[in-house]
Amino acid sequence: RSFLQIETVTSVRLDESQEKKIQINFNVTLHHLPCRFASVDIADVMGTHLQNVSANIVKTRLDADGGVLGRAAARPRPVEHAVARSVDLGVPVPKVSPELDVDGMREAARSRKLVLVNYYAPWCPWSRRLQPVWEEAYANVMQKPFARDVLMAKA
């Protein structure tokens, strides 16, 4: 009777590679749906929308008890990830991203090629969820060769 239960696992991790695409692993069981009718559509917040994605997706036919009856023909493609590099800037990297006021924002806009600002609100649950991811991204960006051209801050 596992079809009467729902299990949801959410995990947010920072993709440290320089790849334009990331690998996403998922496992979905749909009882009484033949594999030929199952397809995957992908959409992201940047507006990318891919329909009927089939590369590197393995469809497995199961019986009522979850036993494997067979697998659809796989067309695997190797996934190649960039090797992470670390750069010594000669200055210590703060553990917490800096805070900006109006004057600091103006100065940063004049002196940096890229300014990213987290408009953090402590009462907002989305801001609180973003905060640890933001700080990890900040620490990673500050170790890259282009760190002197980028400012990640909070306002």
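Residues numbered from 1 in each chain as written. Predicted model: local features only at pLDDT ≥ 70, side-chain atom pairs only at ≥ 80, totals over all residues. Heavy atoms only, no water.

Peer 1: Describe the overall build of the chain, with residues and values.
Peer 2: When its secondary structure is counted, the chain shows two helices and six strands. In the chain, the order of α-helices and β-strands from amino to carboxyl end is β-β-β-β-α-β-α-β. Scored against the burial criterion, the 155 residues of the chain give a buried share of 17%. Counted over contacts in the chain with a minimum sequence separation of 6, partners at least 24 positions apart contribute 54%. For the chain, the accessible area works out to roughly 13200 Å², and carbon and sulfur atoms hold 55% of it. (Helix = DSSP H or I, 4+ residues; strand = E, 2+ residues; numbered from the N terminus. Buried < 20%, exposed > 50% of the residue type's maximum accessible area, 1.4 Å probe, protein only. Contact = heavy atoms within 4.5 Å. Areas by Shrake-Rupley, 256 points an atom, 1.4 Å probe, with all protein chains shown as cover.)

Peer 1: If you had to explain helix α2 (residues 125-141) to someone new, which residues and values would you point to?
Peer 2: With 17 residues, α2 ought to run about 24 Å at 1.5 Å a step, and its terminal C-alpha atoms sit 25 Å apart, in line with that. Along α2, the sharpest change in direction is near 35° and occurs at Q131; proline P132 comes one to four residues later. All of the buried residues in α2 are S127, Q131, W134, E135, A137, Y138, N140 and V141. Next to the buried residues of α2 lie β5 (114-118) and β6 (150-154). (Expected span 1.5 Å × (residues − 1). Bend = angle between axes of the 7 residues up to and from the residue.)

Peer 1: Just give me the short version of the pattern of salt bridges, but keep the residues and values in it.
Peer 2: Side-chain pairs of opposite charge can arise where the charged atoms are in close proximity. Within the structure shown, the criterion is met by four salt bridges. Among the ionic pairs, D103 bridges to R106, the shortest N-O distance being 3.5 Å. Placement of the pair is D103 and R106 together in helix α1 (residues 102-111), with a separation of three residues, close to one helical turn. A salt bridge links E135 to K154; the shortest N-O distance between them is 3.2 Å. (Salt bridge = Lys/Arg side-chain N within 4 Å of Asp/Glu carboxyl O.)

Peer 1: Can you tell me about the nonpolar core, naming the residues and giving the values?
Peer 2: Buried together is how nonpolar side chains tend to be arranged in soluble globular proteins. With eight residues, the main nonpolar core is built from W134, A137, Y138, V141, M142, A147, V150 and M152. The set of elements that each furnish at least two residues to this core consists of α2 and β6. When residues of this core are assigned to their parent elements, the largest contribution, four residues, is made by α2. If you look at the next biggest cluster of nonpolar residues, it comprises five residues, including L100, A108, V117 and A153. (Core = buried A, V, L, I, M, F, W, Y, C linked by side-chain atoms within 4.5 Å.)

Peer 1: Can you break down the side chain of E135 residue by residue, with the values?
Peer 2: By the element assignment, E135 lies in helix α2. On the basis of relative accessible area, E135 is assigned to the buried category, the value being 13%. In this structure the side chain of E135 is engaged in a polar contact, spanning 2.7 Å, whose partner is the backbone nitrogen of S97. (Polar contact = N/O pair within 3.5 Å; in protein donor to acceptor, adjacent residues only side chain to side chain.)

Peer 1: Give me the pairing of β6: which residues, what numbers.
Peer 2: Most of β6 is tucked away: five of the five residues are buried. Here β6 shows two buried faces, one formed by V150, M152 and K154 and the other by L151 and A153. In terms of strand pairing, β5 meets β6 through five bridges, oriented parallel. Its bridge partner being in β6, L114 is matched across the sheet by V150. (Pairing = 2+ DSSP bridges.)

Peer 1: Explain the side chain of Q131 to me, using residue names and the numbers behind them.
Peer 2: Its location among the elements puts Q131 in helix α2. Judged by relative accessible area, which is 16%, Q131 ranks as buried. There is a polar contact of 2.7 Å between the side chain of Q131 and the side chain of E135. With near-sequence residues (within four places) excluded, Q131 lies in contact with N118, Y120 and K154.

All we've got here are geometric facts, nothing functional implied.
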